[in-house]
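So the chains spell out like this:
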Amino acid sequence: MPSQNQIAGDLAAALLGGAWTRRALLRRLSGYLRNKAARSNARLVDEILERTEGSYPPSPFALKRFILDSRAFPRAAAVLLRTTVPVAAVLTPPRFWPAAGNAAPGVPEIETPGDLAIWLGVPISRLQWLADEQRRHHTTAIPMFQNYRYRFMPKASGGWRLIEWPKPHLRAIQVKILREILDRLSVHEAAHGFVRGRSCKTAAAMHAGEAVVACMDIRDFFGSVRLQRIHAIFRRIGYPWAVARLLSCLCVTSTPASVFARAPDDAGLDWETRKRFSERHLPQGAPTSPALANLVVGEMDRRLEGLARHCDARYTRYADDLSFSGDETFARRIGGFLGSATDIVRDEGFSIHTAKTRIMRRGARQVVTGLVVNEHVNILRHDYDTLKAILHNCAKHGAESQNRSGVPNFPAHLAGRIAWVEHVNPVRGARLRTLYNKVAWTPRAEI
């Protein structure tokens, strides 16, 4: 005689064999139990749906727990124990089934781990090694057995940032996931970072000429996004649980403890920070992280945009930078508004770096994503003057005299900075380009 634990597992498998809607679940449950007790079946389905977040199914293990906890489960178990007809041994195989409103054209329909391995062009054993579902790489200090390279980089505002670069094979897989899956999904219109056709310039332009501009910064943006939220994204796209799990694990990492032993003394890595990095999170340095972060915070963007619209204000987000702007009426209520915005951010699982919150009124310089927006979008005068002085000194004293930080390919580095100035302010960019072409580069690097 099967135990209740076995019966719950069988019911979970049966319920996961199709669309995750109340009507479809009731149909599969009634067919599996071979009874017409619609009231008790409906109670079981309703209790399961109440425990399920979102419009996509949970994992088989979570669903089994929900069934065992349901008050309607004993009735279903009793039905199965009384039946004289053998229960079907073959269940509907996993299917690619996007949640309502989440279908994206062109997304590959992958239904099993084997199909995923074929799509990625790797053996299943290699796929499992790279996904590292058991977190074995987290416990080793041998770089050869780790999928990432680690480096602490200084922040412009002080302190250090841990960059986690995937090794070439894993990076190639992440690029494929980004190009063929994530790039085909739409993100909220308030997101301007890492979105094709949008940039920090388009984000800044939304706030030009306003009476007040307020900027907030999310603390440890990528590190705060956990495996469960990434898994939910892939489930919502339509991938079965096992495939979504592998895709999620390919895009997250757990930082080995040995990495922190190499951290600078002033890195400020307290116990909470180390614990956060030791859990599976989005690595800052993986090509998939920005796109996944934009998808994860989609609900937060919708709530913040709604709050801003209610207050006749504008909202944009560039990665972890949140910007709001509005007229004099909005300026008078900015304090309470930012308090409500902070509550929304916290409710969505993030926290605000309060020391970086800025309220900039029209009488002072207003800066959004590093660009001045008082009247129109423009480059910071300090940045322009600094770059102009570097180019002047390069022409006068030689390029190497100005490369004090040892930047590789210094001419290309300066050319990139000039291109950015020209993108924002073509007139100033043309002046800098003229100065650049007067420098005696070795070899010649005119632009």
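Here, every reference points to the structure presented above.
Residues numbered from 1 in each chain as written. Predicted model: local features only at pLDDT ≥ 70, side-chain atom pairs only at ≥ 80, totals over all residues. Heavy atoms only, no water.

Asker: Got a minute to help me understand helix H7 (residues 124-131) in this structure?
Answerer: Each α-helix winds once per 3.6 residues, and so residues spaced three or four apart point in a common direction. Turning to H7, its buried residues are Leu127, Leu130 and Ala131. Buried residues in H7, looked at end-on, bunch into an arc of 95°, giving them a common side. Where H7 is buried, its residues contact helix H6 (113-120), helix H8 (168-180) and helix H11 (241-251). (Buried < 20%, exposed > 50% of the residue type's maximum accessible area, 1.4 Å probe, protein only. Helix = DSSP H or I, 4+ residues; strand = E, 2+ residues; numbered from the N terminus. Arc of directions from axis to C-beta. Contact = heavy atoms within 4.5 Å.)

Asker: It is not clear to me how the pattern of salt bridges should be interpreted in this structure. Could you clarify?
Answerer: Between side chains of opposite charge, a pair can form when the charged atoms approach closely. Inspection of every chain in the model, using the stated rule, returns 18 salt bridges. Bridged by salt links that share partners, the residues Arg179, Asp183 and Arg196 form one connected network. (Salt bridge = Lys/Arg side-chain N within 4 Å of Asp/Glu carboxyl O.)

Asker: Would you mind going over the sheet that holds strand S7 (residues 367-368) with me for this structure?
Answerer: Strands sit in the order S7-S8-S9 across an open sheet of three strands; the sheet is antiparallel. Two strands in the sheet have a free side with no partner beyond their single neighbour: S7 and strand S9 (378-379). Note that strand S8 (residues 371-372) and S9 share two bridges and pair antiparallel. Looking across to S9, one finds that Val372 is bridged to Asn378. (Pairing = 2+ DSSP bridges.)

Asker: Can you walk me through the state of the cysteines in this structure?
Answerer: Per the counting criterion, the structure on display carries zero disulfides. In this structure Cys215 is a free cysteine whose sulfur lies 12 Å from that of Cys200, the closest cysteine sulfur available. Unpaired in terms of disulfides, Cys311 finds its nearest cysteine sulfur in Cys215, a separation of 17 Å. (Disulfide = S-S within 2.5 Å.)

Asker: What is the right way to look at the packing of helix H1 (residues 4-15) against helix H2 (residues 22-33) in this model?
Answerer: Packed helices, taken two at a time, are described by their axes: the angle between them and the distance between them. Interaxial distance between H1 and H2 falls to 9 Å at its minimum, and their mutual angle equals 135°. For the element pair H1 / H2, the angle class is oblique. Here H1 and H2 pass one another in a crossing that is right-handed. Residue-level contacts link Asp10, Leu11, Ala14 and Leu15 of H1 to Leu25, Arg28, Leu29, Tyr32 and Leu33 of H2. A breakdown of the residues in the contact of H1 with H2 according to their chemical character gives seven nonpolar, no polar and two charged. (Axes fitted to C-alpha atoms, helices over the stretch in contact; angles between N-to-C directions. Parallel < 35°, antiparallel > 145°, perpendicular 65-115°, else oblique. Left-handed = near helix turned anticlockwise from the far one by under 90°. Nonpolar A, V, L, I, M, F, W, Y, C, P; charged D, E, K, R; others polar.)

Asker: Hey, could you run me through the side chain of Arg280 in this one?
Answerer: Its location among the elements puts Arg280 in the loop between helix H13 (271-278) and helix H14 (289-296). Of the side chains bearing the opposite charge, Glu133 lies closest to the buried Arg280, which forms no salt bridge; the N-O distance is 6.6 Å. A polar side-chain atom of Arg280 sits 2.9 Å from the main-chain carbonyl oxygen of Glu133. Non-local contacts of Arg280, meaning those with residues more than four positions away in its chain, are made with Asp132, Glu133, Arg135, Val225, Arg226, Leu227, Arg245, Cys249, Val252, Thr253 and Ser254. (Lys, Arg positive; Asp, Glu negative; His and termini not counted. Polar contact = N/O pair within 3.5 Å; in protein donor to acceptor, adjacent residues only side chain to side chain.)

Asker: When you look at the packing of aromatic side chains in this model, what are you seeing that I'm missing?
Answerer: Aromatic ring pairs are reported here in terms of the distance separating the ring centres and the angle at which the planes meet. Under the counting rule described, the total for this entry stands at ten aromatic pairs. The structure contains a cluster of three or more aromatic residues connected by ring pairs, namely Tyr315, Phe324, Phe330 and Phe337. The ring of Trp119 is capped by Lys176, whose NZ or CZ atom sits 4.7 Å from the centre of that ring. Its guanidinium or amino end placed over the ring of Tyr384, Arg428 lies 4.9 Å from that ring's centre, counting from NZ or CZ. (Phe/Tyr/Trp six-rings, centres within 6.5 Å; stacked < 30°, edge-to-face > 60°. Lys NZ or Arg CZ within 6 Å of the ring centre and 35° of its normal.)

Asker: Help me understand unusual backbone geometry, please; the structure alone is not making it clear to me.
Answerer: Backbone phi values are negative for most residues with the exception of glycine, while trans is the configuration of most peptide bonds. Positive phi outside glycine occurs at Asp312, with the angle close to 55°. With respect to the helices and strands, the residue Asp312 is situated in the loop between helix H15 (298-310) and strand S4 (314-318). The backbone of Ala319 sits at a positive phi, close to 60°, despite the residue not being glycine. By the element assignment, Ala319 lies in the loop between S4 and strand S5 (321-326). According to the relative accessible area criterion, Ala319 is buried, its value standing at 11%.

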